[in-house]
Amino acid sequence: MTTIQSGKGFYDLFPPKSDQFTAIENTARDVFSRYGCRELRTPLVEYTELFVRGIGDETDVVQKEMYSFPDRKGRSLTLRPEATAGVLRACIEHKLLRKDEILKFFTLGPMFRYERPQMGRQRQFHQINVEILGSASHLVDVDMLFMLHRFLSEIGLTGLEYELNSLGCPQCRPAFRSALDNYLKDVQHDDLCADCQRRMHTNPLRVLDCKVPGCREIAKNAPVITQNNCEPCRVHFDAVVSLLDRSLLKVNLNPLLVRGLDYYQGTTFEVVSTNIGSQSSVAGGGRYDGLISQLGGPDMPGIGFACGLERLVMLAPAPSEPGIDVYITMHSDSFLEQALEIAQVLRAAHFSVEFPYVFRSLKSQMRSANKLNARYSIMLDEASSAQCELHVKDMSNGEQFTLSGSELPLQLRKRMGASLQN
Ligand code: HAM
């Protein structure tokens with residue numbers, strides 16, 4: 001019979017890679033909680049309209065990357081392509097947003113985009129996402145960049161570039177857009193890629209950060225968005241840049257950084273790496289001050305970012321193989337049930353423990369202990385059973401000692417503590 005494989009762009013996650021995902025997620029929870037963020041979990045499926053209204057009708061994500069399908073009553077549902085719209089929908093629906101209160105959330109989980117799979121680009125991928133709602137202060141922009149930088153540093157990522165831009169607001173964007181329209185009107189349309197020939201009519205800002213070489217050339221001489229920003233946008237962005245200038249976090253100002261989702265205004269940023277091929281964006285985000293009201297909520301500002309977990313895993317140093325605390329070995333199969341009981345006692349005391357479910361030669365048991373990278377092995381035999389004592393071996397140096405059965409967890413814990421201090 002033919003075997004069935006996972007779909008194109010969808011993949012399985014198993015050890016040791018799944019361990020690495022978990023470790024990065026744990027660091028995210030740890031770092032983000034230090035910045036006051038709490039976890040929010042939203043459904044993987046939302047009504048399609050949420051993304052059309054939230055992300056923007058003309059974006060690549062909405063135009064060609066969404067997994068949308070009708071439910072049994074004919075309403076269009078979509079597998080979430082990103083987290084921000086769902087987070088805001090949840091906050092509005094549950095009336096979590098209050099004037100003069102700041103909400104900070106993080107979310108972790110799978111996203112779905114129908115893109116051409118390649119290194120660093122999947123159709124089901126995972127994002128770690130942070131949103132801060134309710135403050136327009138430039139301090140929040142900087143604090144968020146510090147949070148992102150802290151997180152990326154704590155998972156061991158170095159050599160990343162932080163790109164920063166300000167996309168203006170509904171007051172100054174129209175003037176910039178018409179300056180850009182005028183500029184693009186005069187370029188040779190054939191020099192633009194097919195996507196940008198469409199974008200120049202629907203979403204001309206996206207032409208600025210197209211990666212196709214011909215479009216890049218054209219973008220180089222285009223009007224500069226930060227030079228067209230209104231006074232409040234300029235003051236805000238200058239304050240962000242000046243704070244960052246005084247910090248250890250070095251950023252590059254990139255007036256061509258637009259980002260692919262339409263909700264951004266004001267500060268936007270992206271973290272890029274040159275070590276993961278063409279899919280260089282590790283994280284991206286920015287302000288979306290008009291989005292909450294656009295989705296039917298109060299007029300409140302917001303800012304956020306998301307990191308692609310697969311790309312973080314590609315760049316993070318490989319962690320060492322995890323080991324277990326104890327492997328229980330035995331002289332004969334008559335000790336199998338005793339091994340189960342001892343394992344239970346030790347596991348209840350927070351030790352990780354394995355033992356063979358089927359009796360095998362001692363040599364083979366020791367092989368398993370080594371393979372599992374056990375810190376200690378315990379040997380069960382007639383003598384130890386009679387004296388209620390257990391023979392323990394420190395697998396790191398071969399030292400052997402005897403521990404009383406009743407005090408095993410306590411004594412083992414002391415030994416482990418002592419060896420950690422040495
Ligand atoms: P985004 O730039 O579309 O932003 O995605 C954020 C990150 O998700 C990217 O930098 C990349 O690491 C990862 N990513 C995106 N698509 C794929 C893919 N097909 N395969 C693997 N990784 C991928 C957003 O999604 C915004 N919602 C971020 C945000 C939150 N802005 C404000 N709040």
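Here is what the cut-offs are and how they apply
Residues numbered from 1 in each chain as written. Predicted model: local features only at pLDDT ≥ 70, side-chain atom pairs only at ≥ 80, totals over all residues. Heavy atoms only, no water. 1 Å grid on protein atoms, 1.4 Å probe; cavity = no way out; pocket = protein on both sides within 12 Å on 5 of 7 lines; lining within 4 Å. Points joined across faces, edges and corners; volume = space filled by probe spheres on them. Helix = DSSP H or I, 4+ residues; strand = E, 2+ residues; numbered from the N terminus. Nonpolar A, V, L, I, M, F, W, Y, C, P; charged D, E, K, R; others polar. Disulfide = S-S within 2.5 Å. Buried < 20%, exposed > 50% of the residue type's maximum accessible area, 1.4 Å probe, protein only. Pairing = 2+ DSSP bridges. Near = heavy atom within 4 Å. Polar contact = N/O pair within 3.5 Å; in protein donor to acceptor, adjacent residues only side chain to side chain. Sits in = over half its atoms within 2 Å of the grid points.

J.: An account of the layout of surface pockets is needed here, citing residue identities and associated values.
T.: Gaps between atoms show up when a probe of the same size as a water molecule is rolled over them. When its volume is computed, the largest pocket comes out at roughly 1,400 Å³. What lines the largest pocket is a set of 49 residues, and nearest its centre among them are R113, E115, R121, R206 and Q279. Elements supplying a minimum of two residues to the lining of the largest pocket: α3 (60-65), β6 (124-133), α7 (194-202), β10 (281-287), β11 (302-308) and α12 (309-315). With 6 residues, β10 is the single largest residue contributor to the lining of the largest pocket. Classifying every residue of the lining of the largest pocket gives 15 nonpolar, 16 polar and 18 charged.

J.: Tell me about the state of the cysteines, residues and numbers included.
T.: Throughout the structure, instances matching the rule amount to 0 disulfides. The cysteine C91 is free of any disulfide, with C37 supplying the nearest cysteine sulfur at 12 Å. Looking at C91, the relative accessible area reads 1%, which means it is buried. C169 supplies the cysteine sulfur nearest to C233, a cysteine that is in no disulfide, at a spacing of 3.6 Å.

J.: Go over unusual backbone geometry with me, naming the residues and quoting the values.
T.: For the peptide bond that leads from P15 to P16, omega is 5 degrees, which places it in the cis range. Relative to the elements of secondary structure, P16 occurs in the segment before α1 (17-34). With a phi close to 50 degrees, K95 is a non-glycine residue in the positive phi region. Relative to the assigned elements, K95 resides in the loop between α4 (84-93) and β5 (103-112). Despite not being glycine, D100 has its phi angle at roughly 65 degrees, a positive value. Tracing the sequence through the fold places D100 in the loop between α4 and β5. The class of D100 is exposed, set by a relative accessible area of 71%.

J.: Tell me about the pairing of strand β7 (residues 161-166), residues and numbers included.
T.: Of all 6 residues in β7, 5 are buried; the element is thus mostly enclosed. Strand direction decides the pairing type here: β7 and strand β9 (residues 267-272), joined by 6 bridges, are antiparallel. When the sheet's bridge partners are listed, E161 is paired in β9 with V272. For β7 and strand β8 (residues 252-253), the ladder comprises 2 bridges, and the chain directions are parallel. Bridge assignment links E163 to a residue of β8, and that residue is N252.

J.: Account for the site of the ligand, with residues named and values stated.
T.: The local shell around the ligand holds 26 residues, among which E82, E115, Y263, Y264 and S281 are the closest. One of the side-chain nitrogen or oxygen atoms of E115 is found 2.7 Å away from a nitrogen atom of the ligand. In the model, a nitrogen atom of the ligand is placed 2.6 Å from a nitrogen or oxygen of the Y264 side chain. In this structure, the ligand is accommodated by the largest pocket. When residues of the shell around the ligand are assigned to their parent elements, the largest contribution, 5 residues, is made by β10. When its residues are assigned to classes, the shell around the ligand shows 9 nonpolar, 10 polar and 7 charged.

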